[in-house]
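The primary structure of each chain is shown beneath.
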Amino acid sequence: MMSHTLVIAEMHEGKVRKSTLSAVTFARQVGAPFAILVIGAGAAKAAAEVVAFGAQKVLVCDDASLGNYVCERFAPTVAALVKSLAFDIIAVTASSYGKDLAPRVAAKIGAGYAPDVSGVVVDGGKLTYKRPMYAGNAFGTCAVTTPLQVVSVRQSDFAAAEASGGASEIEAVPYAGPDAAAAHVEFVSLEHGKNERPDLGEARVIVSGGRALKEQFAAVLDPLANLLGAAVGASRAACDAGYASPELQVGQTGRVVAPKLYFAIGISGAIQHLAGMKGSKVIVAINKDADAPIFQVADYGLVADLFTAVPELVTELKAQA
Amino acid sequence: MKILVPIKRVADPDNANKLKISSDAKVDTTGLEWKPNPFDEYAVETALRLTENGANTKARVGEVVVVMFGPKEAESTLRAALATGADRAIRIDANDADLDGDVVAQGLKAIVDKEKPDLVLLGKQTVDSDSNQVAQLVAEYLGWPQATFAATIRSEGDKALHVGREVDGGTLHLKVTLPAVVSVDLRIVAPKSVRSAHTAEGHAYPDGVRFAALMAIMAAKKKPLVEEKLSDLVPGATRKIEYTSFALPPARAAGIKVKSVQELVQKLKAEAKVL
Ligand SMILES: Cc1cc2nc3c(=O)[nH]c(=O)nc-3n(C[C@H](O)[C@H](O)[C@H](O)COP(=O)(O)OP(=O)(O)OC[C@H]3O[C@@H](n4cnc5c(N)ncnc54)[C@H](O)[C@@H]3O)c2cc1C
Ligand SMILES: Nc1ncnc2c1ncn2[C@@H]1O[C@H](COP(=O)(O)O)[C@@H](O)[C@H]1O
């Protein structure tokens, strides 16, 4: 049977999130014809952002009641399209949006769900997925046994698709209305830190700090991050203690990142942290404990007190700029 | 409020005990410690906080029922939850190998249909499979609203919850009316993350989950723990995802220690070419 993939885009403030392009890369690797669904208030306008990526169609579901993401309002339209347009693979990037939405869609359409996959192998029309488990300490190879399959893909492992030119046909699709359960859930607000830095998922350089930074977290790391145009990340311990805001957490249960350059500063290197950054191209660790596990994954380790080493690093970089 | 908390026990790799893969490409858990899934311990703590006055954690206002799909030897995890304050436990006898998120979610739906809780409170993910799906699946099977990755929960009487969800880039606040499904994130056990309708505004809990006193551990042995069969709950349940093999992650090439900040900058520029 000919397969046919539906990529679900993610919208934020009227635009398509760049993370969507990881799911597009997945769809290209699968190799079957694919469509991209842009769903949300303002989708009609945002759809133009994804017409040059080789999708057969860009489907647009634009409805005023889809202004803020609530799973119970988004999932029914995805499920209805899978049926009416006969998609058999449904893919979304494993952001917090994708992780919330994909399983509910899977349950609606009776599909198996492969979460957070880092790779796909296509063999004679059969897909197998590779996915990290046990905090990245093992990779499982798995297959979905149902005819329909839902997949969420790791942004850190599927590089954002490059535009391939051309223009996909744009087609408006009807809003299938909310689930009955939507009557029992109400969007209240979305608080997001005024972050002028690049997103952790997209940054070329990340400067991450741990518990060791204490109240000086921003004072010590910001000058370095500013200089390098870097995103700032944190360990769980730094977030739990309130030194860094929770959305900065990198790790098994936080953001999974794979920048060109990752600084782990005053971070011990617990497996849960490593699970979120081991895929970085170059890792630098600064830690005063020469035996800290972070040094086992660091390409360049500096055993030093971070409170002197980081300001020195800033001075050195400025001097050489 | 009656709360159902699904809990699982997991083989936990840490920095000392590394996971092994057997010659036939299966996960070998020998040497690993079996622990309750940390997120499920947080869910139990959250359920306790939601069914009490924070100033008097001995008296429960409502009921907390813990449920596990797993083998007999995993019962100690249920007993541990009873010792911290849960009222009753249910174990659905099953081999881990016959389960996946979907089978668990279908089984939970069957239990909810019988138990009729106001809230199903789960961990956001199990740290062995790292799947992050059971809450969302069971919400759909029940036709209930879902609030995943909860970092804060405030109850509004016994009718509704205000949930602060940790999402990429911030916190998304939802109000759900009960019955509902909520999955909890790491920071749900911070001192002021959960407030029940019975707890005074501003009450601060100790950070993290509560420990059971010796007396409570003894008493937990007498609390009800019933066993059911998976095949009775979900006849003919089959997995929707099958694992064929496992492998260790590729090792990272050993790095070097630099002696100074100057050397670091020089290496990053000349050798790694990332600056
Ligand atoms: C279910 C679960 C999920 C988790 N998920 C995550 C996750 O997603 N991400 C995550 O990061 N963690 C996660 N953790 C927590 C993880 O296990 C560790 O506790 C955490 O990563 C430790 O953070 P840290 O390295 O900042 O703190 P610590 O372990 O306290 O390490 C601090 C380090 O700083 C060094 N140091 C101290 N002072 C200085 C100084 N002046 N100069 C230089 N170095 C100094 C110390 O030598 C030490 O190595 C999770 C845990 C659980 C149970
Ligand atoms: N075997 C199980 N028994 C009871 N609860 C489970 C089981 N597996 C998963 N869960 C629950 O579902 C949550 C999410 O798990 P998962 O979707 O597998 O990552 C866990 O935190 C538990 O609350």
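What counts as what
Residues numbered from 1 in each chain as written. Chains lettered and ligands numbered in written order. Predicted model: local features only at pLDDT ≥ 70, side-chain atom pairs only at ≥ 80, totals over all residues. Heavy atoms only, no water. Helix = DSSP H or I, 4+ residues; strand = E, 2+ residues; numbered from the N terminus. Buried < 20%, exposed > 50% of the residue type's maximum accessible area, 1.4 Å probe, protein only. Contact = heavy atoms within 4.5 Å. Areas by Shrake-Rupley, 256 points an atom, 1.4 Å probe, with all protein chains shown as cover. Lys, Arg positive; Asp, Glu negative; His and termini not counted. Charge placed at Lys NZ, Arg CZ, Asp CG, Glu CD. Near = heavy atom within 4 Å. Polar contact = N/O pair within 3.5 Å; in protein donor to acceptor, adjacent residues only side chain to side chain. Buried area = accessible area lost by both parts, 1.4 Å probe. Salt bridge = Lys/Arg side-chain N within 4 Å of Asp/Glu carboxyl O. Domains from an automatic or database assignment. Pairing = 2+ DSSP bridges. Axes fitted to C-alpha atoms, helices over the stretch in contact; angles between N-to-C directions.

**Looking at the overall build of chain B**
And then number 1: When helices and strands are counted, chain B shows 7 helices and 16 strands.
And then number 2: Seen along its three principal axes, the alpha-carbon backbone of chain B occupies a region of about 65 × 50 × 40 Å.
And then number 3: Split into buried and exposed, the 275 residues of chain B put 54% on the buried side.
And then number 4: Once local pairs closer than 6 in sequence are excluded, the contacts in chain B between residues at least 24 apart make up 69%.
And then number 5: As displayed, chain B offers around 11400 Å² of accessible surface, 56% of which is attributable to carbon and sulfur atoms.
And then number 6: Averaging the coordinates of the 38 positive side-chain charges in chain B and doing the same for the 37 negative ones gives two points 4 Å apart.

**Let's talk about the site of ligand 2**
Residue and element names in this part refer to chain B.
And then number 1: The environment of ligand 2 is formed by 19 residues, the closest being Pro6, Asp40, Thr126, Asn132 and Gln133.
And then number 2: Here Asn132 contributes a backbone N or O atom positioned 2.8 Å from an oxygen atom of ligand 2.
And then number 3: Relative to its free-state accessible area of 480 Å², ligand 2 is covered by the protein chains to the extent of 97%.
And then number 4: Of all the secondary-structure elements, those providing two or more residues to the shell around ligand 2 are β6 (63-70) and β8 (119-123).
And then number 5: For the shell around ligand 2, the element with the highest residue contribution is β6, accounting for 3 residues.

**Digging into the side chain of Arg195(B)**
Residues and elements named next belong to chain B.
And then number 1: Of note, Arg195 is situated in strand β13 (residues 194-195).
And then number 2: A polar contact is formed between the side chain of Arg195 and the side chain of Glu201, at a distance of 3.1 Å.
And then number 3: If we skip the residues at most four places from it in the chain, Arg195 touches Leu50, Ile153, Arg154, Ser155, Ala200, Glu201 and Gly202.

**Topic: the interface of chain A and chain B**
And then number 1: Facing 87 residues of chain A, the contacting portion of chain B comprises 75 residues.
And then number 2: Both sides of the chain A and chain B interface together cover about 6900 Å² of buried area, and 55% of this is carbon and sulfur.
And then number 3: Where chain A touches chain B, the interface holds 6 salt bridges.
And then number 4: Counting every contact that joins chain A to chain B gives 44 residue pairs in polar contact (both at pLDDT 80 or more).

**Details of the domain arrangement of chain A**
All names here are of chain A.
And then number 1: Annotation of chain A at the domain level lists domain 1 (5-184) and domain 2 (205-320).
And then number 2: Computed over C-alpha atoms only, the centres of domain 1 and domain 2 are separated by 32 Å.
And then number 3: At the boundary of domain 1 with domain 2, total buried surface from both sides reaches about 560 Å², with 49% on carbon and sulfur atoms.
And then number 4: When the buried area of domain 1 at its contact with domain 2 is split by residue, Ala135, Arg154 and Ser156 rank highest and sum to 68% of it.
And then number 5: Here domain 1 is connected to domain 2 by 0 salt bridges.
And then number 6: The tally of links between domain 1 and domain 2 comes to 0 residue pairs in polar contact (both at pLDDT 80 or more).

**A closer look at the sheet that holds strand β9 (residues 126-133) of chain A**
And then number 1: If you walk across this open sheet you meet the 4 strands as β8(A)-β9(A)-β10(A)-β15(B), and the pairing is antiparallel. On the outer flanks of this sheet lie β8 (119-123) of chain A together with β15 (241-247) of chain B, each paired with one strand and no other. On average, each strand axis in the sheet is tilted by 25° relative to the strand beside it, whichever way the strands run.
And then number 2: Pairing between β9(A) and strand β10 (residues 138-144) of chain A: 5 bridges, direction antiparallel. In the strand pairing of β10(A), Pro132(A) is matched with Phe139(A).
And then number 3: Helix α1 (residues 20-30) of chain A rests against β8 and β9 of chain A of the sheet, and its axis sits at about 20° to β8(A).

**Considerations on the pattern of salt bridges**
And then number 1: The final tally for this structure, using the stated rule, is 38 salt bridges over all chains.
And then number 2: Between Lys8(B) and Asp128(B) there is a salt bridge, and its shortest N-O distance comes to 3.1 Å. Separated by 120 residues along the polypeptide, Lys8(B) in the loop between β1 (2-6) and β2 (9-12) and Asp128(B) in the loop between β8 and α4 (134-142) bring together distant segments of the chain.
And then number 3: Assessed through its relative accessible area of 25%, Lys8(B) is described here as partly exposed.
And then number 4: Given a relative accessible area of 9%, Asp128(B) falls into the buried group.
And then number 5: Glu115(B) serves as the salt-bridge partner of Arg88(B), at 2.7 Å between the closest nitrogen and oxygen. Here the residue Arg88(B) occupies a position in strand β7 (residues 88-93), and Glu115(B) occupies one in helix α3 (residues 101-115), the gap between them amounting to 27 residues.
And then number 6: Members of the salt-bridge network, linked through shared partners, are Glu72(A), Arg104(A), Lys108(A), Asp179(A) and Glu140(B).

**Brief notes about the pairing of β6(B)**
Residue and element names in this part refer to chain B.
And then number 1: Across the 8 residues that make up β6, a large majority, 7, are buried.
And then number 2: Strand direction decides the pairing type here: β1 and β6, joined by 5 bridges, are parallel. If you follow Pro6 over to β6, its bridge partner there is Val67.
And then number 3: In terms of strand pairing, β6 meets β7 through 6 bridges, oriented parallel. Bridge assignment links Val65 to a residue of β7, and that residue is Arg88.

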